[in-house]
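The lines below spell out each chain.
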Amino acid sequence: MSKLMTMKDAIDRFVHDGDTIVIEGFTHLICFAAGHEIIRQRRRDLTLCRLTPDLIYDQLIGAGCVRRLVFSWAGNPGAGPLHALRRAVEQGVPNSIELEEYSHFGMVARLSAGAAKLPFYPLRDYKGSDLPRVNPQIKTVVCPFTGEELAAVPALNPDTAIIHVQRADGNGNAHVWGLMGVQKEAAFASRRTIVVAEEIVSESAIRSDPNRTLIPGLIVDAVVHEPFGCHPSYAQGYYDRDNDFYVGWREISQDVEKFNAYLDEWIYGVRDRSEYVARMGTAFTRLKASERLSDPVNYGY
Amino acid sequence: MATEFTASELMICQAARQLRDDEVVFVGIGLPNIACNLARRLHAPDLVLIYESGAVGAAPARLPISIGDPSLVTDSLSVCSMFDVFNFYLQGGLVDVGFLQGAQIDRFGNLNTTVIGDYVHPKVRLPGSGGACEIALLAKRVFVIAPQRKRSFPERVDFITSPARPAMVVTDLGCYEFVEDELVLTSIHPGCTIEQVRENTGWEVAIAENLKLTQPPTTEELSVIRDMIYKM
């Protein structure tokens, strides 16, 4: 059964005011197309989870969609701070947000527990750090076998995960290569999953290389076909990260007027991702990935 | 005639020299990334670079601007999930060296990348831990590269993000090593003075009896660094 639908319908059906949402992808495969659609549909009071909030959550926070942020590293990678996030935290503009922070390992552990439907995850971490002092969710547990004291973090089970992939079939079986971050854990931990794909392929294409399937269709609720859906993030083998955009974001996000002008032009001012891509024009040509094919493997027996 | 070099170039060389061949190093972006790739091209060709994004045995053909750059994937030995990176590689005890940076580092080796001022009402909100807290606790040796100012070198940090006890801290003025329970100046960079060090340290810094002069970058080191920065 095909789960294909438009991004507009997927967000309308699976992202509601007050929901807890995870849009994952560590630098790679960050689904900006979904973030922009959430902003266009003016969702409010979201709890957003992500290891690295990145520009995508900076945009959602500055657009007023967010009430709470669960994260582990909030910066513009390689280019300074996230200014909309800082405005919200330091000045309450456009609204103040609550922060719940961990380290990367803590966030990975939370989603792993969530995916395995365990109540918590133990890890050797946080001893001597001030993080447990400001986040009471970071606790300790004593190992029943060795008596060792370990850190423990609670399971994270978001309402909806949004995962961008290179290719998927209509049922949501999804191939991913390159950096995989915590996408698999995030998808299994969430109650619903939206898969967004650069390409829609046949089930037989998926079956030709089953080791590459990161997300199985059986946990997927919606499949959206959205080429260039990650820009300014990247998709290995499709297009490079737009580092100039990331560096340029500093100037846009530092100034509320410039930030709002950006939203007006690139988010509210376009109907959907295909209009955004059309407006980008030939900019994508410079980002097009070079070809580096892997050696094929034999799945025969 | 000594070749001209910048403070950053000296910091990169000093960090690279601490890395041994065959070691596994958890790499950060910026100067640590250049230091690790310098070591790989000179004395440590079998250094295994691991990035927290999941690239293992990375061999980047350009200088990655972010820790999740696609060039870390192309030609790497393995790409794994972040679950594997933190559970199996880092907590599993496979990481010999971790590099950390910080807005503040204190006398006791603690690093702060969370807030300047109070946590709830911060003067400046910084990015937070990322992988730093667990790298500090789980890598066998930790190196810190950081420019040194009085504000960034306080007696105690405003917030302990990462309790590090680093094997070495390399700044633009000198190198510090952990002796008993605090950082001690063990070498000073050419052209820098003890007065400069004192002016830029927030505590009465101890100075090693056998204080050395940091070896300046060699011509070979400089040419590799410049080649990486300008041509990669």
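Residues numbered from 1 in each chain as written. Chains lettered and ligands numbered in written order. Predicted model: local features only at pLDDT ≥ 70, side-chain atom pairs only at ≥ 80, totals over all residues.

(A) Main features of the overall build of chain A. Counting secondary structure elements, chain A contains 11 helices and 12 strands. Along the first, second and third principal axes, the C-alpha set of chain A runs to 60 × 55 × 35 Å. Looking at chain A residue by residue over its 301 residues, the buried ones come to 50%. Across chain A, the fraction of contacts at a sequence separation of at least 24, relative to all contacts at a separation of at least 6, is 75%. (Helix = DSSP H or I, 4+ residues; strand = E, 2+ residues; numbered from the N terminus. Buried ≥ 20, exposed ≤ 12 C-beta atoms within 10 Å, placed from the backbone. Contact = placed C-beta atoms within 7 Å.)

(B) Local environment of the sheet that holds strand 6 (residues 139–142) of chain A. Residue and element names in this part refer to chain A. An order of 5-7-6 is seen for the three strands of this open sheet, with the pairing classed as antiparallel. Two strands bound the open sheet, and with one partner strand each, they are strand 5 (120–123) and strand 6. The average angle at which neighbouring strand axes cross in this sheet is 45 degrees, direction not considered. Pairing analysis gives four bridges linking strand 5 to strand 7 (residues 149–154), with the strands arranged antiparallel. Across the sheet, the residue bridging to phenylalanine 120 is proline 154, located in strand 7. Along the sheet face, helix 5 (residues 104–115) touches strand 5 and strand 7 and points at about 140 degrees away from the line of strand 5. (Pairing = 2+ DSSP bridges. Axes fitted to C-alpha atoms, helices over the stretch in contact; angles between N-to-C directions.)

(C) Region of interest: the nonpolar core. Within the largest apolar cluster, 160 residues are counted, with the highest numbers of intra-cluster contacts made by Ala34, Leu60 and Val195 of chain A together with Ile12, Phe26, Ile50 and Val144 of chain B. Ranked by residue count, the leading element in this core is helix 5 of chain A, at seven residues. Summarising the domain contributions, this core has at least three residues from each of domain 1 (7–102 + 161–287) and domain 2 (120–154) of chain A. Contacts of valine 144 of chain B, omitting those with residues within four sequence positions, involve Leu100, Gln101, Gly102, Ile105, Leu111, Ala164, Pro166 and Val169 of chain B. (Core = buried A, V, L, I, M, F, W, Y, C linked by C-beta atoms within 7 Å. Domains from an automatic or database assignment.)

(D) Local environment of the packing of helix 2 (residues 32–40) of chain A against helix 3 (residues 54–62) of chain A. Residues and elements named next belong to chain A. It is the contact of helix 2 with helix 3, at a shortest axis distance of 10 Å, that shows an interaxial angle of 0 degrees. Classified by the interaxial angle, the pair formed by helix 2 and helix 3 is roughly parallel. Only Ile56, Gln59 and Leu60 of helix 3 make contact with helix 2, whose side of the interface consists of Phe32, Gly35, Ile38 and Ile39. (Parallel < 35°, antiparallel > 145°, perpendicular 65-115°, else oblique.)

(E) Representation of the confidence of the model for chain B. Across chain B, the average pLDDT comes to 93, with 98% of residues at 70 or higher. Two numbers describe this predicted complex: its pTM, 0.96, and its ipTM, 0.96. (pLDDT = per-residue confidence, 0-100.)

(F) Region of the structure containing the sheet that holds strand 6 (residues 104–105) of chain B. All names here are of chain B. An order of 6-7-11 is seen for the three strands of this open sheet, with the pairing classed as antiparallel. Each edge of the open sheet is held by one strand with a lone partner, namely strand 6 and strand 11 (162–163). Pairing between strand 7 (residues 110–112) and strand 11: two bridges, direction antiparallel. By the bridge assignment for strand 11, leucine 111 is matched with serine 162.

(G) Up close: the interface of chain A and chain B. Listed per partner, the contact involves 42 residues of chain A and 35 residues of chain B. Ranked by the residues each element gives to the side of chain A that touches chain B, the list is headed by helix 5 of chain A, at four residues. Considering only residue class, the side of chain A that touches chain B consists of 16 nonpolar, 14 polar and 12 charged. (Nonpolar A, V, L, I, M, F, W, Y, C, P; charged D, E, K, R; others polar.)

(H) Main features of the domain arrangement of chain A. As assigned here, chain A comprises domain 1 (7–102 + 161–287) and domain 2 (120–154). A separation of 31 Å is found between the C-alpha centroids of domain 1 of chain A and domain 2 of chain A.

(I) Local environment of the packing of helix 9 (residues 243–254) of chain A against helix 10 (residues 256–268) of chain A. Residue and element names in this part refer to chain A. Viewed as axis vectors pointing N to C, helix 9 and helix 10 meet at an angle of 110 degrees, and their least axial separation amounts to 5 Å. Viewed along their axes, helix 9 and helix 10 adopt a mutual orientation that is roughly perpendicular. In this structure, helix 9 uses Glu251, Ile252 and Ser253 to contact helix 10, whose residues at the interface are Lys258, Phe259 and Tyr262. Taken together, the residues of the contact of helix 9 with helix 10 sort by class into three nonpolar, one polar and two charged.

(J) Examining helix 4 (residues 83–91) of chain A more closely. For helix 4 of chain A, a buried count of seven out of nine residues is recorded, marking the element as mostly surrounded by other parts of the structure. Of all the positions in helix 4 of chain A, only His83, Ala84, Leu85, Arg86, Arg87, Ala88 and Val89 of chain A are classed as buried. The secondary structure elements touched by the buried residues of helix 4 of chain A are helix 3, strand 4 (98–101), helix 9 and helix 10 of chain A together with strand 9 (122–125) of chain B. Looking one or two places after helix 4 of chain A, you find glycine 92 of chain A, whose phi comes out positive at around 70 degrees.

(K) Seen up close, helix 2 of chain A. Residues and elements named next belong to chain A. Among the nine residues of helix 2, eight are classified as buried, and the element is accordingly described as predominantly covered. All buried positions along helix 2 are accounted for by Phe32, Ala33, Ala34, Gly35, His36, Glu37, Ile38 and Ile39. Downstream of helix 2 by one or two residues, arginine 42 has phi in the positive range, about 50 degrees.

(L) Broad picture of unusual backbone geometry. Residue and element names in this part refer to chain A. Cis geometry is adopted by the peptide bond preceding proline 94, which originates at valine 93 and carries an omega value of -5 degrees. Turning to its location among the elements, proline 94 is positioned in the loop between helix 4 and strand 4. The linkage connecting histidine 231 with the following residue, proline 232, adopts the cis geometry, with an omega of 10 degrees. Relative to the helices and strands, proline 232 is located in the loop between strand 12 (222–225) and helix 9. For aspartate 45, which is not glycine, the phi torsion reads 60 degrees and is therefore positive. Inspection of the secondary structure puts aspartate 45 in the loop between helix 2 and strand 2 (46–49). The backbone phi angle of phenylalanine 228 is positive, close to 60 degrees, even though this residue is not glycine.

(M) Inspection of the environment of alanine 16 of chain B at higher detail. Residue and element names in this part refer to chain B. Within the element layout of this structure, alanine 16 appears in helix 1 (residues 7–17). Accessibility expressed as a C-beta count within 10 Å gives 26 for alanine 16, which makes it buried. It is 19 Å that separates the C-alpha atoms of alanine 16 and alanine 164, two residues lying 148 residues apart in sequence.

(N) The arrangement of the pairing of strand 9 of chain B in detail. Residue and element names in this part refer to chain B. By the bridge criterion, three bridges tie strand 8 (residues 115–117) to strand 9 in an arrangement that is antiparallel. By the bridge assignment, isoleucine 116 is partnered in strand 9 with valine 124. From the end of strand 8 to the start of strand 9, which pair antiparallel, there are four residues.

(O) Focus on the environment of methionine 168 of chain B. All names here are of chain B. Looking at the element boundaries, methionine 168 is found in strand 12 (residues 168–170). For methionine 168, a count of 20 C-beta atoms within 10 Å gives the class buried. For the pair formed by methionine 168 and alanine 15, sequence separation is 153 residues and the distance between their alpha carbons is 8.6 Å. Every residue in contact with methionine 168, bar those within four places of it in the chain, is listed here: Gln18, Phe143, Cys175, Tyr176 and Glu177.

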